[in-house]
Amino acid sequence: TAVPPTFTSTSVPVQPSLTASAQPSQETRYDNKHSAFVYSAGWAEEVSPYAIDGSFARTSTNGSSVTIPFTGQSFSIIYKGGPSYRKMDVYIDGVLVATIEERFDVSTYKARWDYPGQLSPGAHTLKLVFVTTSASTSGSVDAVLVR
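The present account deals with the structure reproduced in this document. Computed from a prediction, not measured in an experiment: that's the story for all the values here.

Focus on the packing of aromatic side chains
Considering all chains together, one arrives at nine aromatic pairs under this definition. Their ring planes at 45° and their centres at 5.5 Å tell us that Tyr 50 and Tyr 109 sit as a pair that is tilted. Here Tyr 50, found in the loop between β3 (43–47) and β4 (55–59), pairs with Tyr 109, found in strand β9 (residues 108–114); they are 59 residues apart in sequence, far enough to count as distant. By relative accessible area, Tyr 50 is classed as exposed at 54%. Pairing Phe 56 with Tyr 109 gives two aromatic rings, centres 6.0 Å apart and planes at 75°, and the pair type is edge-to-face. Of this pair, Phe 56 sits in strand β4 while Tyr 109 sits in strand β9; the two residues are 53 residues apart in sequence, bridging distant segments of the chain. Ring-pair connections join several aromatic residues into one group, and the members of that group are Phe 70, Phe 75, Trp 113 and Tyr 115.

About the criteria used
- Residues numbered from 1 in each chain as written.
- Predicted model: local features only at pLDDT ≥ 70, side-chain atom pairs only at ≥ 80, totals over all residues.
- Heavy atoms only, no water.
- Phe/Tyr/Trp six-rings, centres within 6.5 Å; stacked < 30°, edge-to-face > 60°.
- Helix = DSSP H or I, 4+ residues; strand = E, 2+ residues; numbered from the N terminus.
- Buried < 20%, exposed > 50% of the residue type's maximum accessible area, 1.4 Å probe, protein only.

And the structure:
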């Protein structure tokens, strides 16, 4: 007589594969209140539970700026945007590299702009300059992430 085959189920653990995102991050966050930030006239701290560490810096003065020296090869800017927000020019080491449009249809906290390139290793200076044609608009910075 024929004996029917028996099947045995064996559980084998699956190891997750390592990807680039699994590497430890060498990112440093500078909140808008960090002592490295140097603000021109016209900036004010706005308190909000939705902002990083509870506040962000806002200006309505055309041409007002904020600078931060940093050591790294890349960075991101975290900011608040909304209907009354406008443009922020981004300078690295005195060279205009981008303009961030901070205008959104709705109020948006923790919006993020990533520098698309790689800087040479070493010290750099980031400068953000608010650009508008109306005193009823704003620009902001919440934090800078350096890598």
